[in-house]
Each structure stands twice: as C-alpha cells, then as structure tokens.
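Next come the chains, spelled out residue by residue.
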Amino acid sequence: MAGDPLNAPSAVASDPAGPIAAYLTALDAALFGSRRARADVLDEVHDGLLAATDRHRYRGATALEAEQAALAEFGRPELVARAFAGELATARARRLLVTLLLTGPLVGVWWLLLLAPHRWPPHPGQLVSALPVLPVVGLTVAAVLAVLASTGGLSRRLPALTPRRTVQATRVLALTCLAVDVTMLALLLAIAVAGPGAHAPALMLGAAVGSLARLTWVGHSAHWCRRSALTGCVPFPGGATSGHADEGSSVEGAFVAADRRLTGWRP
Amino acid sequence: MRAEILKGHLDALLLAVLEAGDQHGYAVIEALRERSQGAFDLPTGTIYPALHRLQRTGLLHSRWETVGGRRRRVYTLTDAGQQALHAERSGWTEFSAAVSRLLVRDRAWPAIP
C-alpha cells in the first residue's frame, strides 16, 4: 500500500450521485451566507471528506465503508452548518461594514460639493449647519471602525464581539446610514422646492443618485442582518484565545457532539 | 475528556498543530486527533469554523491550492499566531503546574525545563 494519503491527491473520485454529494447538497441547503462564502466552505469540506475517505481506505475499509465513516466523522450537515453560522455571519457583516466605509466618501463628496459653504476651509459650525448629519456620520464611522477592530486582528486586544452582537451592531449602523441618506434626500427636496436654480443640477442629481443607490443597498443589507439574527446567527467552537463565548450558543452543541451524544449523520 | 475543558483550549491546540508547518484543514484535525491519542475527537466539520476564525483574527493565513483537480485550503501560522501560541503555552504551563500542585498527590511535579 502506498504512503499516508493525508497530504496526497485523493484517489477517490467524487460520485455526483454518491453519499458525499448528498451530504454536500444538504450542507449547502443548511448554510447561511453569501454564495461565494458557501462555495468556499463546500470546497473545503468536500476536500476534507475525500481526504477522510482516503484515510479510511488506507486503513482497510471498502469504498462504501470509507465514505460512510468519513461522513460520520464530519458530523451531521445541520451541525456543521450551525458551527459555521457565526463565522459566516461575522464575515458578511464585516464585508458590509467595509463597504459602508468605502461608499461613504463616494456619496458624501457630492453632498459636500453641493452644500458646503463657499469659503474654504469652512468653520466647523458652518459645515455642520450646511450638512446637519455630519456629527452622526462621524460617530457612525467611529463605530464601524470599532466593530471592525473588535472582530478582526485587534480582537485579542479589545473586547471581542460575538457573532450575534456583530450582526446586531452592523444592523444598527446600516440603519443609521439609511437614516442619514433619507435625511439628506429630504434636505435636497426642500432645497429644490424652495430655491430651484440655486444649486448646480448635476451636483443635485449626483447627490440624489448616490444616496438613492446606497439607500437601496443598505436597506437590503439591513434586511439581511435581521434575517440573520432571526434564523439563528450562532457561534462556533471557540476558546480562551479568542474570548468568544455567546449566550445560547452552538458551542455546547458542537462539543456535546464531541461527547458522541449526537450520532454521526448517515447517508 | 470533558468537552468544556477542551473548548477553552481549542484555539491554542490548533495553533500548536500548525506550528510544525502548513497543513490543510483535515490534516490539522487529524493531527489534533492523533497527537492527543484520540482524546480530542470532535466532529471534524465543526473544527473548520475555528480555523476560519483564527484566520479572521490574524493568527492564521490561508491560501487555496489545486490538488488532484480539486481546491484545497492550506493554513499557515502567522507571526501573530506564533506569538499567541507562545503566550498560551506559557499560561498553560503556569496554570497546569499550579493545578497539579493542588490535585496531584504522592508524586513530585517534574521540573519545568
């Protein structure tokens, strides 16, 4: 028999109608995340299942026994999906927050060009008077940065946010951005009604389109946050290193499974 | 091994496995199982999210490779991960020595090298 197959290319061809394919289909259905994130998870689990199958065949199991042992070893698709839920939700929330940060200046520059006082640099009071949402925008940016830091590389030095809290915070921040855009659009409408011709139409159009586009996108994202929270954004096996611990979490579920109280999924 | 004891140390155990070199997810999990002589036998599918979380927090880095026509994600310990492992190891040595002094009877605790 050849050497240990753990790091070798799999000798097992994945049967599209076999139990591994059925397992991956069930896992895909149970995962909650973006299409790309799900595809990455499925590719990784697929690779792991084939490596596990190779491992069991190397130890003398038949092809069918090896596949079934690999599937039992991985745990039921629902359990695996639940273990991934927190991480997928956190990753998506972080992407959403980064996008909010990046689109902020793209939309804000139109409003600045349109409404900022002519004398530059303006007095801060004049700027806030012209753009009344500026203090809220400043606080929101600070909060977005704090959430990104608490869920990223700085999470070991800062109080770590659980996936549930991350999604909740992201939803609040998305709704704040939504309120800012609605306020600015209302202001634009008031300007257009009160003094048509006072401002460049191109700037008014750019600001309106920018805010409307972001409104639509942020509204969709806030909806995702709500769905994510409702469908059970739960964390995953965690430890002292990360400081992750969550109320009503799946940590216990996953580790109870380790105690074999949950039996392996059978194809 | 009680599950709640293991869950507090999973991150450090995964980092320790990757200290030896780059590994794909299943190899990490299998090494965890073998090096613990079967004591840490978690459902394999639930360990992957822990690897993803360690990557998100900067302790691991991953890259995709193509092996035998399929995508394989390979994990590497980062400098921050190495430092975190060192800190966990020191903490564990102190903690386990202190607990052993209280719990272990009729046996001298071996000197820490």
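Residues numbered from 1 in each chain as written. Chains lettered and ligands numbered in written order. Predicted model: local features only at pLDDT ≥ 70, side-chain atom pairs only at ≥ 80, totals over all residues.

**Quick look at the overall build of chain A**
Looking only at helices and strands, chain A has nine helices and zero strands in total. Reading the helices (α) and strands (β) of chain A from amino to carboxyl end gives α-α-α-α-α-α-α-α-α. Split into buried and exposed, the 267 residues of chain A put 39% on the buried side. (Helix = DSSP H or I, 4+ residues; strand = E, 2+ residues; numbered from the N terminus. Buried ≥ 20, exposed ≤ 12 C-beta atoms within 10 Å, placed from the backbone.)

**Concerning the overall build of chain B**
Along its length, chain B carries five helices and three strands. Ordering the α and β elements of chain B from the N terminus gives α-α-β-α-α-β-β-α. In chain B, which comprises 113 residues, the proportion classed as buried is 35%.

**A few points about the packing of helix H4 (residues 77-115) of chain A against helix H6 (residues 134-151) of chain A**
Working note: a packed helix pair is described by the angle between its axes plus the distance between those axes. All names here are of chain A. Two numbers describe how H4 lies on H6: the axes approach to 10 Å, and their chain directions differ by 145 degrees. Classified by chirality, the crossing of H6 by H4 is left-handed. Residues Thr 90, Arg 94, Leu 97, Leu 100, Leu 101 and Gly 104 of H4 pack against Val 141, Val 144, Val 147, Leu 148 and Thr 151 of H6. Considering only residue class, the contact of H4 with H6 consists of seven nonpolar, three polar and one charged. (Axes fitted to C-alpha atoms, helices over the stretch in contact; angles between N-to-C directions. Left-handed = near helix turned anticlockwise from the far one by under 90°. Contact = placed C-beta atoms within 7 Å. Nonpolar A, V, L, I, M, F, W, Y, C, P; charged D, E, K, R; others polar.)

**A word on the nonpolar core**
Grouped together as the largest cluster of nonpolar side chains are 72 residues, with contacts concentrated most on A:Phe84, A:Ala174, B:Leu14, B:Leu18, B:Val28 and B:Leu51. Top element by residues in this core is H4(A). It accounts for 18 residues. Excluding residues within four positions of it along the chain, B:Leu14 makes contact with B:Val28, B:Leu32, B:Ala50, B:Leu51 and B:Leu54. (Core = buried A, V, L, I, M, F, W, Y, C linked by C-beta atoms within 7 Å.)

**Details of H6(A)**
Compared with the 26 Å implied by 1.5 Å per residue over 18 residues, the 26 Å span of H6(A) between its first and last C-alpha is a close match. Contact partners of the buried residues in H6(A): H4 and helix H7 (163-194) of chain A. (Expected span 1.5 Å × (residues − 1).)

**Some points on the pairing of strand S2 (residues 60-67) of chain B**
Residue and element names in this part refer to chain B. Pairing of S2 with strand S3 (residues 70-77), which is carried by eight bridges, proceeds in the antiparallel orientation. Looking at S3, one finds that Arg 63 is bridged to Val 74. Here S2 folds back onto S3, and the loop between the two strands holds two residues, one of which, Gly 68, carries a positive phi near 60 degrees. (Pairing = 2+ DSSP bridges.)

**As for the environment of B:Leu14**
All names here are of chain B. Residue position: Leu 14 is located in helix H2 (residues 10-19). A residue is classified by how many C-beta atoms lie within 10 Å of it, and Leu 14, with 30 of them, is buried. Separated by 36 residues in sequence, Leu 14 and Ala 50 have C-alpha atoms that sit 8.5 Å apart.

**Describing unusual backbone geometry**
The residue B:Gln37 is not glycine, and still its phi comes out positive at about 55 degrees. Along the chain, B:Gln37 turns up in the loop between helix H3 (25-35) and helix H4 (48-56).

**Looking at the sheet that holds S3(B)**
Residue and element names in this part refer to chain B. With antiparallel pairing, the three strands of this open sheet are ordered in space as S1-S3-S2. The strands lining the two open edges of the sheet, one partner per strand, are strand S1 (23-24) and S2. Sheet topology note: the S1/S3 ladder contains two bridges and is antiparallel. Paired with His 24 across the strands is Val 74, a residue of S3.

**What about the packing of H6(A) against H7(A)?**
All names here are of chain A. For the pair H6 and H7, interaxial distance at closest approach is 10 Å and the crossing angle is 160 degrees. Here H7 runs roughly antiparallel to H6, going by the angle between their axes. Considering the relative orientation of H6 and H7, their crossing is left-handed. Note on element contacts: H7 touches H6 through Thr 166, Ala 169, Thr 170, Leu 173, Thr 176, Cys 177 and Val 180, opposite Val 136, Val 137, Thr 140, Ala 143, Val 144, Val 147 and Thr 151. (Parallel < 35°, antiparallel > 145°, perpendicular 65-115°, else oblique.)

**Quick notes on H4(A)**
Between its terminal C-alpha atoms H4(A) stretches 54 Å, which fits the 57 Å expected from 39 residues at 1.5 Å a residue. Of all bends in H4(A), the biggest is about 35 degrees, found at A:Ala85. (Bend = angle between axes of the 7 residues up to and from the residue.)

**A few points about the domain arrangement of chain A**
Entries for chain A in the domain assignment read domain 1 (5-74) and domain 2 (89-230). Distance between the C-alpha centres of domain 1 of chain A and domain 2 of chain A: 43 Å. (Domains from an automatic or database assignment.)

**Some details on the confidence of the model for chain A**
Confidence in the prediction for chain A averages 78 pLDDT; 77% of positions are at 70 or higher. Here residues 234-267 of chain A is a poorly scored stretch, pLDDT under 50, and it has 103 contacts once near neighbours within four places are set aside; other chains count. (pLDDT = per-residue confidence, 0-100.)

**Thoughts on the environment of B:Gly81**
All names here are of chain B. As for its placement among the helices and strands, Gly 81 is situated in helix H5 (residues 79-103). Residue classification places Gly 81 among the buried residues on the basis of 24 C-beta atoms within 10 Å. Sequence separation between Gly 81 and Leu 15 is 66 residues, and the spatial gap between their C-alpha atoms is 6.8 Å. Ignoring anything within four residues of it in the chain, the contact list for Gly 81 reads Leu 15, Leu 59 and Leu 60.

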